[in-house]
Amino acid sequence: MNFKTLIMGASCAVGLALSPLSAMAQNLVYLVQPEPPSLASFLSTSGPIGLVAPKIYDGLFDYDNDLNIVPSLAESYEVSEDGKTVTFKLREGVQWHDGAPFTSADVAFTVMEVLKKVHPRGPNSFREVSSIDTPDDFTAVFNLDNPAPYMLRALSAYESPIVPKHLLDGTDIRSSDLGTNPVGTGAFTFTEWKKGQYIRLDKNENYWKPGLPLIERIVGRFVPDASTRTAAMENGEVMYGAYGAIPNIDAVRLREMDGFSVTTDGYSMINPMALIEFNTTKPPFDNPAMRRAVSLVMDRQFLIDNIWFGYGKPATSALSSNFDKVGLYKSGLPNYPATGDLEAAIKELDDAGIMPDGDGVRASITIDLIPYGEDWRRAGEYMKQAMKPLGIEVELRYEDVPTWLNRIYADYDFEMNVNYFYQLPDPVLGVHRHYGTDQIRQGTHFVNSSRYSNPELDALLNAGAQEPDAAKRAEIYGQIQTILATDMPVANLFEMEFLTVYNEKLADHATSALGAYGPFEKASVSE
């Protein structure tokens, strides 16, 4: 029985097309939920892309679960005494999947022509990089205007994939064939994308890590229905589901069953935050009082306890409380109640003169929901109920991923969008993109869709990125959080804690700090 026969064999049982594990111990079938809009990880940080692309592309570094740097395409690096020059020594003998040699020219092209220009987070990650010298094929010298220590935390295959210059130079990068037919240097080569069903990757026989990857083939399955995904996990038809692919209500049940485990490992670099993006350019959310009222009425603890089954922590600021470890988080800010404050929310609207009409309605809105699973639908239903006593009538909208991305980040055709962002290891990498005027980048995903613009905040963001003194930097980010708690272009809801559900026959899937966004090159499946 060949691969395609295996794929097509079991569809009648649960709507999938997969084989029993016993017949495919060298293969890994995992859930990719939802289907990615493309595989252009150099253009979009959409989560489903991250579940596939880092297995095809490499970064300069990877990171272990203690966040230590692990050499990848860069074997070593050296930072000059003034912090303005970073020299990377690159690995020799690496080939692209099409056989072309990897060189320093690929690194320079990727950063200067791709990541700095079209990647959602690249303009911040590499904001201080003014040029890259390539004195030989295996040396890349980054010249910086100012020290940027955070940049060294943004060099994974997920965050900053190194792409082939010989296939992109002189082309329209945004419409490149690599979006559907990627060519990397990573552990697995792209083989097939069956729309609506699966993506297949095969072992890179010329991978630069001797003996790796251990698995011959990995298949990312798209299964729209949540109960079918859970059934597939229970039946052994898939072995791994991350980022909510298995709803928490089922994850806590599977956790008690023999042969399955649940872990929160593999998320230590991303600091995920559930949130609301408001369109600040048109009514009703061009009025900050409306934005503050919505934040005030939200019972964040209810969302965590009843939809995410206790996994999460109420948000209290524009920054995750995890930044308290480095002194950047500020507590005690207004408009972030853990359990909701309806009385304060009504007063906020009354004081702003936003009064109900004869039917008790102050505003009618549509909430767009991130189309990543049933938990978000349930969150939308809760919000609809929570906002009704405020006199806000709500319609919910749940679309496919490409349509949703286009609506929010290209057309700006929304009022209130429920989403989640990664704040990453430093605010420059994950937070600035939400609020900076320079991050209003139409057509770029996961940046400032609210189109919020505040010159005072812009100046503080720039100062925070460049300030080397820890105490002064903490003061700057305290001011930033104070402004954002009042202006509220984005209302953070809760700090997310994702669960990964996996079959215990699968080993070593979380050796990278990026977890499901990692390469899977050390993962193995027992018989």
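Residues numbered from 1 in each chain as written. Predicted model: local features only at pLDDT ≥ 70, side-chain atom pairs only at ≥ 80, totals over all residues. Heavy atoms only, no water.

Participant: Now, about the pairing of strand E19 (residues 500-503): what can you tell me, with residues and values included?
Facilitator: Residue alternation in E19 divides its side chains into two sets, Thr500 and Tyr502 and Val501 and Asn503, and both sets are buried. With 2 bridges connecting them, strand E11 (residues 240-241) and E19 associate as antiparallel partners. Note that in E19 the partner of Tyr240 across the bridge is Tyr502. Note that strand E12 (residues 260-263) and E19 share 4 bridges and pair antiparallel. Bridge pairing in E19 places Val262 opposite Val501. (Buried < 20%, exposed > 50% of the residue type's maximum accessible area, 1.4 Å probe, protein only. Helix = DSSP H or I, 4+ residues; strand = E, 2+ residues; numbered from the N terminus. Pairing = 2+ DSSP bridges.)

Participant: Account for the packing of aromatic side chains, naming residues and giving values.
Facilitator: Within the structure shown, the criterion is met by 30 aromatic pairs. Measuring from centroid to centroid gives 5.5 Å for Trp376 and Tyr420, while their planes differ by 20 degrees, and the two rings are stacked. One end of the pair, Trp376, is in helix H12 (residues 374-387); the other, Tyr420, is in strand E17 (residues 416-422), and 44 residues separate them in sequence. Tyr420 shares its class with Trp376; the two are buried. Its end group placed over the ring of Trp193, Lys195 keeps NZ or CZ at 3.4 Å from the ring centre. (Phe/Tyr/Trp six-rings, centres within 6.5 Å; stacked < 30°, edge-to-face > 60°. Lys NZ or Arg CZ within 6 Å of the ring centre and 35° of its normal.)

Participant: Explain the pattern of salt bridges to me, and be specific about the residues and the numbers.
Facilitator: All chains considered together, the criterion is met by 21 salt bridges. Arg253 is the salt-bridge partner of Asp250, the closest N and O atoms lying 3.7 Å from each other. Taken together, the residues span about one helical turn, with Asp250 and Arg253 both in helix H8 (residues 248-254) at a distance of 3 residues. A residue is classified by how much of its surface remains accessible, and Asp250, at 15% relative accessible area, is buried. Relative accessible area serves as the criterion here: at 37%, Arg253 is assigned to the partly exposed category. Here Asp351 and Lys347 are joined by a salt bridge, their closest N and O atoms 2.7 Å apart. Taken as a pair, Asp351 and Lys347 lie in helix H11 (residues 342-351) at a separation of 4 residues, close to a single helical turn. We note that Asp351, like Lys347, is exposed. Residues joined in a network through salt bridges with shared partners are Asp368, Arg397, Glu399, Arg407 and Asp413. (Salt bridge = Lys/Arg side-chain N within 4 Å of Asp/Glu carboxyl O.)

Participant: So what about the pairing of strand E7 (residues 139-144)? Which residues, and what values?
Facilitator: With respect to burial, E7 is a largely interior element, 6 of its 6 residues being buried. Where strand E5 (residues 85-90) lies against E7, 5 bridges are found, and the strand directions are antiparallel. Of the residues in E7, the one forming a bridge with Phe88 is Ala140. Taken together, the 5 bridges between strand E6 (residues 129-136) and E7 define a ladder with antiparallel strand orientation. Counterpart to Asp136 in the pairing with E7 is Thr139. Joining the antiparallel neighbours E6 and E7 is a turn of 2 residues.

Participant: How would you explain the UniProt feature "domain: Solute-binding protein family" (unreviewed entry) in the protein chain if you had to name every residue and give the values?
Facilitator: Per the UniProt entry, the sites bearing "domain: Solute-binding protein family" (unreviewed entry) are residues 68-427 in this numbering. Structurally, residues 68-427 comprises 26% helix and 23% strand, and the distance from its first C-alpha atom to its last is 19 Å. (UniProt positions renumbered as here; feature names shortened; annotations may be inferred.)

Participant: Lay out helix H9 (residues 288-297) with the relevant residues and their values.
Facilitator: For H9, a buried count of 9 out of 10 residues is recorded, marking the element as mostly surrounded by other parts of the structure. Every buried residue of H9 is listed here: Ala289, Met290, Arg291, Arg292, Ala293, Val294, Ser295, Leu296 and Val297. Measuring from the side-chain oxygen of the N-cap residue of H9 to the backbone nitrogen of Ala289 gives 2.9 Å; that N-cap residue is Asn287. (Polar contact = N/O pair within 3.5 Å; in protein donor to acceptor, adjacent residues only side chain to side chain.)

Participant: Can you lay out the sheet that holds strand E14 (residues 312-314) for me, pointing to particular residues and giving the numbers?
Facilitator: Read across the sheet, 6 strands follow the order E14-E18-E13-E17-E15-E16 without closing on themselves; strand pairing throughout is mixed. This sheet does not close on itself; its edge strands, each paired only once, are E14 and strand E16 (392-397). Within this sheet the neighbouring strands show an average axis-to-axis angle of 30 degrees, counted without direction. Where strand E15 (residues 363-369) and E16 come together, 6 bridges link them in parallel fashion. By the bridge assignment, Ile365 is partnered in E16 with Val394. Lying on the sheet, helix H13 (residues 401-411) is in contact with strand E13 (272-278), E15, E16 and E17; it crosses E17 at an angle near 95 degrees. (Axes fitted to C-alpha atoms, helices over the stretch in contact; angles between N-to-C directions. Contact = heavy atoms within 4.5 Å.)

Participant: Please set out the layout of surface pockets residue by residue, giving values where relevant.
Facilitator: Estimates place the volume of the largest pocket at around 930 Å³. What lines the largest pocket is a set of 34 residues, and nearest its centre among them are Asn271, Asn322, Phe323, Leu424 and Pro425. Mapped by element, the contributors of at least two residues to the lining of the largest pocket are E14, helix H16 (455-466), helix H17 (470-487) and strand E18 (490-496). Partitioning the lining of the largest pocket into residue classes produces 18 nonpolar, 8 polar and 8 charged. (1 Å grid on protein atoms, 1.4 Å probe; cavity = no way out; pocket = protein on both sides within 12 Å on 5 of 7 lines; lining within 4 Å. Points joined across faces, edges and corners; volume = space filled by probe spheres on them. Nonpolar A, V, L, I, M, F, W, Y, C, P; charged D, E, K, R; others polar.)

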